[in-house]
Every structure is written in structure tokens, then in C-alpha cells.
Amino acid sequence: MFIHRPNPLAPRGGAETPQRVFLNRRRWLQLAGMGAVGVGAGLAYRQWQAYSSGADDEVLTAGRWSPDAERKYAGFYPAAKDERFEYGRDETPAIAAARHTNFYEFSRFKWCWKFVGPFRPDPWTITIDGLCRQPLKLDLAQFHRQFRGDLVERQYRHRCVERWSMAVPWTGVPLAAVLKAADPLAQATHIRFVSFHRPDEAPQQAAGNEFPWPYTEGLTIAEATSELTLLAVGVYGSPLLKQHGAPIRLVVPWKYGYKSIKSVERIELIGRQPATFWNTLNPQAYPFESNVDPAVPRPWDQSYETTLGSGERVATQRYNGYEQWVAGLY
Ligand SMILES: Nc1nc2c(c(=O)[nH]1)N[C@H]1C(S)=C(S)[C@@H](COP(=O)(O)O)O[C@H]1N2
Ligand SMILES: [Mo]
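Since the model is a prediction, treat every value here as computed from it, not as a measurement.

Draft legend 1. Here's a closer look at the pattern of salt bridges. Scanning the entire structure with this criterion turns up 21 salt bridges. A salt bridge links D82 to R154; its shortest N-O distance comes to 3.0 Å. Of this pair, D82 sits in the loop between β1 (80-81) and α4 (94-99) while R154 sits in strand β4 (residues 152-159), placing them 72 residues apart in sequence. For E305, the salt bridge identified is with R159, shortest N-O distance 3.0 Å. Remark: R159 occurs in strand β4 and E305 occurs in strand β12 (residues 304-307); sequence separation between them is 146 residues. Bridged by salt links that share partners, the residues D82, R84, R154 and E227 form one connected network.

Draft legend 2. Inspection of the site of ligand 1 at higher detail. Taken together, 18 residues lie near ligand 1, and Y104, E105, H244, R249 and K262 sit nearest. With respect to ligand 1, the backbone of Y104 contributes an N or O atom lying 2.7 Å from an oxygen atom. Within the backbone of S260, a nitrogen or oxygen atom sits 2.9 Å from a nitrogen atom of ligand 1. Protein coverage of the free-state accessible area of ligand 1, which is 530 Å², stands at 99%.

Draft legend 3. The arrangement of the pairing of strand β5 (residues 164-174) in detail. Among the 11 residues in β5, 11 count as buried, and that is most of the element. Pairing of β4 with β5, which is carried by eight bridges, proceeds in the antiparallel orientation. Pairing of E153 across the sheet is with T171, part of β5. Remark: four residues form the turn of the hairpin made by β4 and β5, two consecutive strands paired antiparallel; R163 in that turn has positive phi of roughly 85 degrees. Relative to β12, β5 runs parallel, the two being bridged by two bridges. Residue S165 lies in a different strand from β12, and its bridge partner there is T307. Across five bridges, β5 lies against strand β8 (residues 230-235) in antiparallel orientation. Residue pairing in the sheet places V173 in a bridge with L231 of β8.

Conventions adopted
- Residues numbered from 1 in each chain as written.
- Chains lettered and ligands numbered in written order.
- Predicted model: local features only at pLDDT ≥ 70, side-chain atom pairs only at ≥ 80, totals over all residues.
- Heavy atoms only, no water.
- Salt bridge = Lys/Arg side-chain N within 4 Å of Asp/Glu carboxyl O.
- Helix = DSSP H or I, 4+ residues; strand = E, 2+ residues; numbered from the N terminus.
- Near = heavy atom within 4 Å.
- Polar contact = N/O pair within 3.5 Å; in protein donor to acceptor, adjacent residues only side chain to side chain.
- Areas by Shrake-Rupley, 256 points an atom, 1.4 Å probe, with all protein chains shown as cover.
- Buried < 20%, exposed > 50% of the residue type's maximum accessible area, 1.4 Å probe, protein only.
- Pairing = 2+ DSSP bridges.

See the structure below:
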């Protein structure tokens, strides 16, 4: 039954209230309301900033491994510089790169450095198996020893689909050298990369959210054995900070950043295109191939990017400027 009730919010004695006073009161209430919202937003913004910033020293040390673990790998740095690669722009300061990272296992926001403390990148085992004659199961020290002769430092640009970019020196081994050691079978057409699944160390994996953990990625064999494709163990001449994907990550600089999977545990040679993390969540926005292309919105405009640190806006290049290395693949 519909009961007609007097509106409790109607101004009482409204008829007697002179129109001018009524309007003024309403305007005052509006302004007061906006002011309160403004003060509230200001406070929230300052709290947000305080929470997400942190002193440079704090940001850089939060992602370090234990001193004992780091000492084991100190002898591998600096690696021989591969002079074929240059940024063509300024190098991103290490602090700017360390502050602003994507690592969904730890946070949906960029200040992942705040959450990586409990993560243990050492001991770590990396497995290369599947369609190959010589599957490898190596701990981190064995990996370093076995591929010491292939270890190089390379200056690469990195382009995130969110439109930020950086230019950093990775230390790593060409993936082709690692795959060669595993001796792939002819049926192997693709590579599947699998990251870790450790809810005890990674808060977003414990959060019971909708993400298809563990993070996975994939490449074709031709892409995986391209000269550019690197398995990185270091950046800026030191072992990878945890937030950069310690202790070992993929770097494919002609593709959007999400293809460069961090903290890899398994590299599997398979005979079909694998499912991948972001492609599973949204196949339209994150196709399997995902080569950087300024002409194709994803779905937002990709024609420009903003560099971490300097905040400079620069035009995005096809294949992120690596056309001479990879155009032959497509
Ligand atoms: N395991 C894992 N790898 C990942 C991600 C992630 O969330 N988890 N984010 C990707 C995205 S979107 C980008 S842009 C790069 C960021 O690398 P950086 O934080 O070292 O700059 O890592 C990629 N690799
Ligand atoms: Mo990204």
C-alpha cells in the first residue's frame, strides 16, 4: 500500500521563508559541502602521498635480498656491456624505476616496493622442460655458473601499455642460449613461462581475488630465440631488486611490458599457444602477440608515452624502436 507522507526534508514553513533567504541558505550549504569534500580530498591525497612515497633509501633497500644471498652473485657484476644497444634517450634513474613498478602479486598500485619484504628470491630453482631432450633444473647459483659466458649488460627501452616507459640496463643471458642447452624437439612451437605462487610471501595471491595465479606468459619459439629476448638476473649492475622481478625475469623490449614476466620459475617448451595472465583476463585489450604499436589503441591511445623520472612525453615507436631486430619475425 502506498502511503502519502509529508516530506520530512521539505523546508518547514517554507511558504513563510522569503525566497532570497531560502536560496542563500541553500547556496551556503552547497559551498560548505564542497569545502568539506575539498578538505577531505586534500587530507586523503596527503595520506595517500605519505603512504606511497617513502625516502629514496627506503625504496631502494626494501627490495634488496639478504646480504648473504646478494654476496653469492656479486662476482657476476659488472657483466660485459653489449655495445650494440643504446637507449637513444636518457637512462631512467634507478630510484624512479624502483618506485614505480607493476607486480600484481604484491599490489595493484605502483608502490610494490612496500610489499616485497617477505618475498624470498633465494634459494630459487628454475626449470626448463617440456618438449626438449635435455630438461634443466638449476638453482640460481648453478644457473649463473652454467651461463656465465653468455652474461651481458644491455641498455633497453621498456614500454608499459599504461603508457609509461623507462630505459634501464639489464644484466642477463639471451634466452636462446638457455633454450639451446635444453635441446628443443621439433614439435616445440611455443614457450610458456610460469611465475611463482606463494600466498605466504605475496599479499595479492593471498587475497583470494579473481586473478588467475600464477602469472603466466608465452612467446613463439621464433620470438623466444630472437637476439633481443633476455632472461635478466640484474638491473643497474646489481641483482634485480625484488620489485623488478628477482631473481630472474624475462625481458622482451619490443612488446608491451606485461609480456616481460617477472620472477620466473618454469620455462616450458610446448606445442601450442599457451594461455597467459592478462590475455585470460581481457583478450581484447591484451592479445597474445602484443607488440608495441602506436597505431593500435589498447583500447586507449598508444601513440605516446611518458618516461619515468623526467616525465617527458615522447612519441611511441613501432616495435618500441626495435624494428630492425624483430620485423622479420612478423
Ligand atoms: N609476475 C609478474 N610479472 C610482471 C608483472 C606482474 O604483475 N607480475 N607486471 C608486468 C608489467 S605490466 C610490466 S609493465 C613490467 C614492469 O616491470 P618493472 O616493474 O620492473 O618496470 O613487468 C611485467 N611482469
Ligand atoms: Mo605494464
